[in-house]
Structures are given as structure tokens and as C-alpha cells.
Amino acid sequence: MVIIKTRSIIFFAACLIICLTGCNNSSSSNSPGQTLLLFWGKMQEGNYTQAAQYVSSQTAVEYQTDIPSFLTLMSKGGNPDNISRWTSVKVISEQIDGTKAVVKVKITAKPDGKETTYDSEIPMSKEDDIWKLRLTSRGYVIQ
């Protein structure tokens with residue numbers, strides 16, 4: 001009986017370690033391009049709390065607000081070219097240099113009812129092992 005309990009505890013502990021290791025690696029293994037797409041997807045869903053994890057802490061300090069509130073205000077703003085107006089994003093390439101990266105993307109936006117497609121380079125930096133964007137108060141990515 002004691003052997004069965006001991007084996008069960010060891011099995012449970014091993015499963016927990018494997019699960020935690022897998023969960024921990026999932027956020028750090030995302031590329032800057034994948035992170036940009038995750039951020040944009042959360043913005044499209046209106047899930048500003050989850051989108052906030054992909055925004056640089058410098059943005060919050062600069063605008064003296066919490067990131068979810070900032071993203072909510074940004075998405076309701078009148079700026080036609082900000083991230084919340086993008087209708088599709090396609091990652092073309094990534095250039096990574098340590099904790100800095102540039103993601104080349106093809107963006108489609110519909111600012112005034114007319115669809116426009118253009119290429120852009122999005123700089124990102126790694127904070128707390130997550131790729132992040134730094135945004136202006138109007139929702140532009142800081143170059």
C-alpha cells in the first residue's frame with residue numbers, strides 16, 4: 001500500500017514537472033513574429049488584458065497608465081492607421097539580434113472604408129523572456 005502511494009506521488013510529481021516545463025517554454029519559444037500575431041489577435045478579440053502582456057513596460061511608464069486601459073483607449077481612438085484598425089497581418093521575415101528584433105510584415109488596414117495594404121518593419125524587444133512592442137499614445141509602433 002505504501003509503495004503504491006509512493007509511486008503515485010512520484011508519478012504525479014513527474015507529470016507536474018513536465019507540464020510546468022512545457023508551459024514555461026511556450027512563452028519564451030515564441031518568435032517576435034508569432035508574438036506580434038498573438039498581440040494583434042488579442043486586440044481583434046477586444047481582449048486588452050491578454051494583449052497587454054505583449055506591450056513594453058516602457059509604454060505604461062511613458063503614458064502613466066496600465067496597459068489594458070491604454071489599449072482600450074487606443075482602440076477607440078480616431079487614429080485610422082493604428083494597430084486596432086489592421087484587418088490582416090502577414091509576417092514576411094524576422095531579424096533577431098539578442099533581445100532586439102525587427103519583424104517585416106504585410107499589413108492590410110481599412111482606415112476609412114477603403115482597404116490599403118502596405119509593408120512595414122516592426123521593432124520589438126525582449127522583456128521578461130517575452131517579445132514586446134512599444135507603442136505611441138496614438139497606437140503606432142515606436143520605430
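See above for the structure.
Residues numbered from 1 in each chain as written. Predicted model: local features only at pLDDT ≥ 70, side-chain atom pairs only at ≥ 80, totals over all residues. Heavy atoms only, no water.

Bringing helix α5 (residues 67–76) into the picture now. Within the span of α5, buried status applies to Ile67, Phe70, Leu71, Met74 and Ser75. Buried residues of α5, seen end-on, are gathered within an arc of 130 degrees and therefore sit on one face of the element. Opposite the buried face of α5, by more than 90 degrees, sit the exposed residues Leu73 and Lys76. Residues of α5 that are buried in the fold lie against α2 (32–45), α3 (48–51) and α4 (57–63). (Buried < 20%, exposed > 50% of the residue type's maximum accessible area, 1.4 Å probe, protein only. Helix = DSSP H or I, 4+ residues; strand = E, 2+ residues; numbered from the N terminus. Arc of directions from axis to C-beta. Contact = heavy atoms within 4.5 Å.)

The subject of this paragraph is α2. Between the first and last C-alpha of α2 there are 20 Å, a value that for 14 residues agrees with the 20 Å anticipated at 1.5 Å per step. For α2, the complete set of buried residues consists of Pro32, Gly33, Thr35, Leu36, Phe39, Trp40, Lys42 and Met43. Backbone geometry just after α2 places Gly46 at a positive phi near 80 degrees. (Expected span 1.5 Å × (residues − 1).)

The next subject is the nonpolar core. The biggest cluster of nonpolar side chains holds 27 residues, and the ones touching the most others in it are Leu36, Phe39, Leu71, Ile122 and Leu135. Counting only elements with at least two residues in this core, the list comes to α2, α3, α5, β1 (86–97), β2 (100–109), β3 (116–127) and β4 (130–132). For this core, the element with the most residues is β2, which contributes 5 residues. (Core = buried A, V, L, I, M, F, W, Y, C linked by side-chain atoms within 4.5 Å.)

Bringing the pairing of β2 into the picture now. Strand residues, when the strand is regular, have side chains that alternate between the two faces of the sheet. As paired elements, β1 and β2 share 10 bridges and run antiparallel to each other. The residue of β2 that forms the bridge with Val91 is Val105. Hairpin geometry of β1 and β2 is characterised by an intervening segment of 2 residues between the two adjacent antiparallel strands and by a positive phi of about 70 degrees at Gly98. With antiparallel pairing between neighbouring strands as the criterion, β2 and β3 make up a hairpin whose turn holds 6 residues, including Gly113 at a positive phi of roughly 85 degrees. (Pairing = 2+ DSSP bridges.)

For Asp128, which is not glycine, the phi dihedral falls at a positive 50 degrees. If you trace the backbone, Asp128 turns up in the loop between β3 and β4. If you check the backbone angles, Asp129 has positive phi at about 65 degrees while not being a glycine. Mapped onto the elements of the fold, Asp129 is located in the loop between β3 and β4.

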